[in-house]
Each structure stands twice: as structure tokens, then as C-alpha cells.
Amino acid sequence: MKKTIAVLFALASAAAVAGMNDLIVSFSTPGPDKYADGTDVKVGECYSLVYTKADGSQEIVLNYQTKLAGKCSSVVYMVDEVTAAKYSGGTWGVYLLDTRDFDNGGTPAGLDANGQPKIQPWVKAEVVSSVSNSGNFGSANADKAVSAGSYDLAAADVPQPTVTGIKIVGANVVVTVANTRPFVGYTLVSGSGATEFSAPASTGVNGDSAGEIELVAPKKDGAQFFKVSTVK
């Protein structure tokens, strides 16, 4: 009984903090969220709360560093009633950023004193879009996880990978690939013909901006067709 009373009191106290006309926006993800290389999002990675106005222009309202691995921990963002007036007629969205510092072990670089990412995000993925306010409350909680294929690689100017060599090494086919990026995972997909590809034939490998990578797949009897793809 004491625990129930304590929880109710905590909820009531939180509600009392917000003014009658303040705007409250909550967001989170169920996980497991992935980077574009297929690995789980790390603690401290940034999720951006973005407001899109009726004219299509966007404003980053909040950059939040998650407290959990693989997902965005629950956030409740309160906007005072004076500022809330400008967030009317548009929609809320949430984006996952990739701010890993590959010169320091791939740890998220974090935010500066102004709440902005310390390094320019390599790429971003839309988590939730077009969520309108319901009165003074907006919920942008995602109903599905972010996959490796959710990122807009074209917007980040990620080039198409280039095959520079193919060779047989023992029981494997080794494909050498250039024009890759370290924040993206690459794999070989196989197919029964030159235009039909489906199942991944190799494990994902992170790209390398300064050099080439090798993708390895088992050699099988008969004709084999491969294509380099980003991990999904």
C-alpha cells in the first residue's frame, strides 16, 4: 500500500510542475535500435526532437543523449506556455543520429555546452514523423525499432561501393570493395541470376574511407552471382 501511494504521489508531483498551458512532448523507442553498420546504438547516442512547421521548415528543439543501450530512453520535454505558442499547426518528429567518434573507439562524441553534437552526425534515421499535438500533449513514442536500413545514406552523400577485385581463396570467394564509409556496414547478397538477389551471403563489414575492405562468401558449385549491398 505504501508503494502505491508513493508512486501516485510522484506522478501527481510531476504533473504539478507543468503549467496549465505548457506543452509536454514525450518520446522513446522500443529498441533494439541499430546503426547503419548493423550494431546496436550505444549509450550516449543522440536522438533529436524536431518540429516541422506548416511551411515545411524544421527546427531542432532538443538533442537528447540516451541513457540506455540499443534504444532511446523515455524523455518528457516540457515547453513553457510562452514558447509553446510557436509550436502550433505543425508536427513533431524524432531522428536518431550517428555521432560516433571513430578516432576514439567509436564512442558517441556527445553534446557541447549549447546542446549540439560535438561532431557533425555521419548520418541520421527518421524514428517518428508527423506527430501532431493533442491539446497540450504530444507523444512521439516509436512503435518499432530503427533498423540498419533506416538511414538516409543518399542525404549523407554516401557513395556507391565499387568492386575492385574478385578472387577464389580456398573454399571462399573474396570480393575487394572501395568507396565505403566506416559508419556503414557492407555485405554480399547472392542470387540465382544476374538481376535477382536476396539472401546475404557474407557477414557485414564496416567500410573504410581511406582504403578497401574485403567481403568473403563460401564458394558453391555452379554459377554464383553476388552484389555488394549495405546491411539492412
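One can find the structure itself at the top, above this paragraph.
Report on the accompanying structure. (Residues numbered from 1 in each chain as written. Predicted model: local features only at pLDDT ≥ 70, side-chain atom pairs only at ≥ 80, totals over all residues. Heavy atoms only, no water.)

### Details of the overall build of the protein
The criterion, for reference: Numbering of helices and strands runs from the N terminus; a helix is a DSSP stretch of H or I covering at least four residues, while a strand is a stretch of E covering at least two. The rule is simple: take the accessible area with a 1.4 Å probe, protein chains only, and divide by the maximum for that residue type; under 20% is buried, over 50% is exposed, in between is partly exposed. Residues count as neighbours in contact if any of their non-hydrogen atoms are within 4.5 Å of one another. For accessible areas, the Shrake-Rupley method is used with a probe of radius 1.4 Å. Any residue's cover is judged against the shown protein chains and nothing else.
Helix and strand content of the protein: two helices and 15 strands. Looking at the 232 residues of the protein, the share that counts as buried comes to 38%. Of the contacts formed within the protein by residues at least 6 apart in sequence, a portion of 66% connects residues at least 24 apart. Surface summary for the protein: the accessible area is close to 12,800 Å², and the carbon and sulfur share equals 54%.

### Describing the sheet that holds strand E5 (residues 91–97)
Operational definition: The pairing criterion for strands is at least two bridges between them, as found by DSSP. The axes are straight lines fitted to the C-alpha atoms, using for helices just the contacting stretch, and the angles between their N-to-C directions are given from 0 to 180°.
The strand order across the open sheet built from four strands is E3-E2-E5-E8, with neighbouring strands paired in antiparallel fashion. The outermost strands of the open sheet, each flanked by one partner alone, are strand E3 (58–65) and strand E8 (124–131). Here the strands of the sheet are splayed against their neighbours by 20 degrees on average, with no regard to which way each runs. One ladder, built from six bridges, connects strand E2 (residues 46–52) with E5; its direction is antiparallel. Within the sheet, the bridge partner assigned to Thr 52 lies in E5 and is Thr 91.

### Some remarks on the pairing of strand E1 (residues 23–27)
Regular strands place side chains that alternate from one sheet face to the opposite one. With four of five residues buried, E1 lies mostly within the body of the structure. Inspection of the sheet shows E1 paired to strand E4 (residues 75–79) by five bridges, in the antiparallel sense. Opposite Val 25, over in E4, you have Tyr 77 as the bridge partner. Examined bridge by bridge, E1 and strand E9 (residues 137–139) share three bridges and lie parallel to one another. By the bridge assignment, Ile 24 is partnered in E9 with Phe 137.

### Let's talk about the pattern of salt bridges
Applicable threshold: Here, a salt bridge means any side-chain nitrogen of Lys or Arg that lies within 4 Å of a carboxyl oxygen of Asp or Glu.
One pass over the structure, following the stated rule, counts four salt bridges. With its nearest N and O atoms 2.5 Å apart, the salt bridge here joins Lys 34 to Asp 40. Judged by relative accessible area, which is 25%, Lys 34 ranks as partly exposed. Among the ionic pairs, Asp 37 bridges to Arg 100, the shortest N-O distance being 2.8 Å.

### Observations regarding the nonpolar core
Put simply, the rule reads: We call a set of buried Ala, Val, Leu, Ile, Met, Phe, Trp, Tyr and Cys residues a nonpolar core when their side-chain atoms join them within 4.5 Å.
One finds Phe 27, Tyr 47, Trp 92, Val 94, Val 127 and Tyr 151 to be the most contacted residues of the largest nonpolar core, which totals 41 residues. Per-element accounting of this core gives the leading share, four residues, to E8. The residues contacting Trp 92, other than those within four sequence positions of it, are Leu 23, Val 25, Leu 49, Val 50, Tyr 51, Val 61, Tyr 87, Ser 129, Ser 130, Val 131 and Asn 133.

### So, the sheet that holds strand E12 (residues 185–191)
Taken in spatial order, the three strands of this open sheet run E13-E12-E15, and their pairing is antiparallel. Edge positions in the open sheet fall to strand E13 (205–206) and strand E15 (225–230), since each of these has one partner strand only. Relative to E15, E12 is paired through six bridges, and the arrangement is antiparallel. Among the inter-strand pairings, Tyr 186 is bridged to a residue of E15, identified as Thr 230.

### Observations regarding the pairing of E5
Where burial is concerned, most of E5 is hidden: seven out of the seven residues are buried. The alternating pattern of E5 places Thr 91, Gly 93, Tyr 95 and Leu 97 and Trp 92, Val 94 and Leu 96 on opposite faces, both of which are buried. Pairing analysis gives five bridges linking E5 to E8, with the strands arranged antiparallel. Counterpart to Leu 97 in the pairing with E8 is Lys 124.

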